[in-house]
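# Observations on the model geometry
Each chain is listed here by its residues.
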Amino acid sequence: VEGWPLQAHPFSETGLKDIGRGLEEWVSRSSGKKLFLHPGLGAWSESAELQDLCVKLGIQWVGPSTRVLRSWTNSLRFLVEAEQLGIPHLSQSFD
């Protein structure tokens, strides 16, 4: 088992590029092994862009799908989806 702390990288576009380079290096060193990434807790765990990057590199993302991540980070979209699925929720006012 190999660990690599995502928290060491700032949550930003630059941080994502740094992580991307690190993940590419990890893939190249792993010579055909099945790779999994669990983003831990915090901002990176809610990053659909990081999940997309993992899929692109052939790394199994251990967490919610991109669709779910994108809806979580957009409260209005989340409420609309919940309503469409018949999931009860508290009303919100945008007045």
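Description of the structure in this document. (Residues numbered from 1 in each chain as written. Predicted model: local features only at pLDDT ≥ 70, side-chain atom pairs only at ≥ 80, totals over all residues. Heavy atoms only, no water.)

### So, the overall build of the chain
The condition is simple: To qualify as a helix, a DSSP run of H or I must reach at least 4 residues; to qualify as a strand, a run of E must reach at least 2; elements of each kind are numbered from the N terminus. Throughout, the Shrake-Rupley method with a 1.4 Å probe supplies accessible areas, and for residues the shown protein chains are the sole cover considered.
Within the chain, the secondary structure is distributed over four helices and two strands. Of the regular secondary structure in the chain, the N- to C-terminal order runs α-β-α-β-α-α. Carbon and sulfur atoms form 57% of the exposed surface of the chain, whose accessible area is close to 6800 Å².

### Observations regarding the pattern of salt bridges
Rules: For salt bridges, the criterion is a side-chain nitrogen of Lys or Arg within 4 Å of an Asp or Glu carboxyl oxygen. Three exposure classes are used, based on accessible area relative to the maximum for each residue type with a 1.4 Å probe and protein chains only: buried under 20%, partly exposed in between, and exposed over 50%.
Enumeration according to the criterion identifies three salt bridges in this entry. Among the ionic pairs, E25 bridges to R29, the shortest N-O distance being 3.1 Å. Here the residue E25 and the residue R29 both occupy positions in helix 1 (residues 13-29), the gap between them amounting to four residues, near one helical turn. Exposure remark for E25: the relative accessible area of 44% places this residue in the partly exposed category. In this structure R29 comes out as partly exposed when scored by relative accessible area, which is 48%. As a salt-bridge pair, E81 and R67 come within 3.0 Å of each other at their nearest N and O atoms. In this pair, E81 is assigned in helix 4 (residues 75-84) and R67 in helix 3 (residues 66-72), connecting sequence segments 14 residues apart.

### Side note on the packing of helix 1 against helix 2 (residues 48-57)
This is how the line gets drawn: Lines are fitted to the C-alpha atoms to define the axes, a helix being fitted only along its stretch in contact, and any angle between axes, read from their N-to-C directions, falls within 0 to 180 degrees. When an angle is under 35 degrees it counts as roughly parallel; over 145 it counts as roughly antiparallel; between 65 and 115 it counts as roughly perpendicular; any other value is oblique. Handedness of a crossing is defined here by the sense of rotation of the near helix relative to the far one, left-handed for an anticlockwise turn of less than a right angle and right-handed for a clockwise turn. We call two residues contacting when some pair of their heavy atoms lies within 4.5 Å. Charged residues are taken to be Asp, Glu, Lys and Arg, nonpolar residues to be Ala, Val, Leu, Ile, Met, Phe, Trp, Tyr, Cys and Pro, and polar residues to be all remaining types, Gly included.
Contact geometry for helix 1 and helix 2: axes closest at 11 Å, N-to-C directions at 25 degrees. Between helix 1 and helix 2, the interaxial angle falls into the category roughly parallel. Regarding helix 1 and helix 2, the two cross each other, and that crossing is right-handed. From helix 1, L16, I19, G20, L23, E24 and V27 reach across to helix 2, where they touch E49, L50, L53, C54 and L57. Of the residues in the contact of helix 1 with helix 2, the class split is eight nonpolar, one polar and two charged.

### Examining the environment of S12
Checked against the element boundaries, S12 lands in the segment before helix 1. S12 sits in the partly exposed class, given a relative accessible area of 32%.

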